[in-house]
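Notes for the structure review
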Amino acid sequence: MAADREPAVYLIRHGETEWSATGKHTSYTDVPLTGDGERVARAAGAVLARLRGTDERPALVLSSPRRRALRTAELAGLTPDEVTDELAEWNYGEYEGLTTPEIRRTVDGWTVWTHPVPGGEEPARVADRADAVLARARAALSRGDVVLVGHGHFSRVLTARWIGLPATAGVHFALEAAGIVVLGHERGVPQVRRLNVPPWGLV
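Please read these numbers as outputs of a predicted model, since none were measured by experiment. Within any chain, residue numbers begin from 1 and follow the written order of that chain's sequence. Residues qualify for local features only when their pLDDT is at least 70, as the model is predicted, and side-chain atom pairs are given and counted only at 80 or more; totals for whole chains, interfaces and linings, by contrast, use all residues. Hydrogen atoms and water are omitted, and side-chain values are computed over all heavy atoms in the structure.

Comment: elements are numbered from the N terminus, with helices defined as DSSP H or I runs of at least four residues and strands as E runs of at least two. Among the secondary structure elements, E18 is positioned in helix α1 (residues 18–21). Remark: exposure states derive from per-residue accessible area (1.4 Å probe, protein chains only) relative to the maximum for the residue type, with buried under 20%, exposed over 50%, and partly exposed in between. Taking relative accessible area as the criterion, E18 reaches 59% and is therefore assigned exposed. Separated by 15 residues in sequence, E18 and L33 have C-alpha atoms that sit 7.3 Å apart. Any two residues whose heavy atoms approach within 4.5 Å are treated as being in contact. When residues no more than four places from it in sequence are discounted, the contact partners of E18 are V31, P32 and T34.

Each axis is a line fitted through C-alpha atoms, and for a helix only the stretch in contact is used; angles between axes span 0 to 180 degrees, taken between their N-to-C directions. Two elements in contact, helix α2 (residues 35–52) and helix α3 (residues 67–75), have axes whose closest approach is 7 Å; the angle formed by their N-to-C orientations is 50°. Between α2 and α3, the interaxial angle falls into the category oblique. Crossing geometry of α2 relative to α3 is assigned as right-handed. Residues E38, A41 and R42 of α2 pack against R71, T72 and L75 of α3. Here the word oblique covers every angle except those under 35 degrees (roughly parallel), over 145 (roughly antiparallel) and from 65 to 115 (roughly perpendicular). The handedness criterion is simple: a crossing whose near helix is rotated anticlockwise from the far helix by less than a right angle is left-handed, and one whose near helix is rotated clockwise is right-handed.

Salt bridge, as applied in this entry: a Lys or Arg side-chain nitrogen positioned within 4 Å of an Asp or Glu carboxyl oxygen. Overall, the coordinates contain 11 salt bridges when judged by the stated rule. Here R39 makes a salt bridge to D36, at a shortest N to O gap of 2.1 Å. Taken as a pair, R39 and D36 lie in helix α2 at a separation of three residues, close to a single helical turn. Among the charged side chains, a salt-bridge network with shared partners connects E38, R71 and E74.

Take the packing of helix α5 (residues 123–140) against helix α6 (residues 152–162) next. Across the interface, α5 lies against α6 with an axial gap of 9 Å and an inter-helix angle of 65°. When the axes of α5 and α6 are compared, the pair comes out roughly perpendicular. Once α5 is placed against α6, the crossing between them reads as right-handed. Touching V126, A127, R129, A130, D131, V133, L134 and R138 of α5 are F154, V157, L158, R161 and W162, all from α6. Residue classes in the contact of α5 with α6 are distributed as nine nonpolar, no polar and four charged. In this classification, Asp, Glu, Lys and Arg are treated as charged, Ala, Val, Leu, Ile, Met, Phe, Trp, Tyr, Cys and Pro as nonpolar, and every other residue, Gly included, as polar.

Joining through side-chain atoms within 4.5 Å is the link that ties buried Ala, Val, Leu, Ile, Met, Phe, Trp, Tyr and Cys residues into a set, and such a set is a nonpolar core. Residues V9, W90, V146, L148 and L158 are the most contacted members of the largest nonpolar core, which totals 31 residues. Only β1 (9–13), β2 (60–63), α5, β4 (146–150), α6 and β5 (180–186) provide two or more residues apiece to this core. Per-element accounting of this core gives the leading share, seven residues, to α5. With residues near it in sequence (within four places) discarded, W90 still touches S27, V112, W113, V117, E121, P123, V126, R129, H153, F154 and V157. In this structure, V61, A69, L78 and V149 belong to the second largest nonpolar core, which totals 19 residues.

Bringing unusual backbone geometry into the picture now. Notably, A178 is not glycine yet its phi reads approximately 65°, a positive angle. Relative to the helices and strands, A178 is located in the loop between α6 and β5. The phi torsion at N196 lies on the positive side, around 55°, for a residue other than glycine. Inspection of the secondary structure puts N196 in strand β6 (residues 189–197). On the basis of relative accessibility, which here comes to 19%, the residue N196 falls in the buried class.

What follows is the structure, given as structure tokens:
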């Protein structure tokens, strides 16, 4: 695995929780990591070090306030400079704790990317949060790498917004538990350098 040579933005999804393992939508509920989740979080730290090719501290580390993200950061060897609600997961409102098949019993064909979320966030609001985070990340890149520790859907929105796509285009980017996305540039053009880099083989 060759290291990335230019400063980049690294997105790390938190490790597995009981809710993520069973497909339950989890935003504001503070669910802890499972044992497997802790193991893959540690492994993600080793993968991150290989990708970055350095032990130097990143220029900026931000984390979601949820304990599954904070614990992932800790196990990956990261100390957040700031814990911010801007990195919180897409708010699922009334669908919190429900799986997609359960929601589809009342809303045919529902997905968070295509349908309303009663009591939760609309894509435009999620995109605004993502844009605010990415603005901070871009400002810090002149000083070195940026690491953002967060969640599945929101990290996929970050990926979409980095390359100028709408928030709903996040559906096209996979991101497993403890997976890593690397965002960078090619001659000034925003680029997804790596997508869903897994911790497999290091657990």
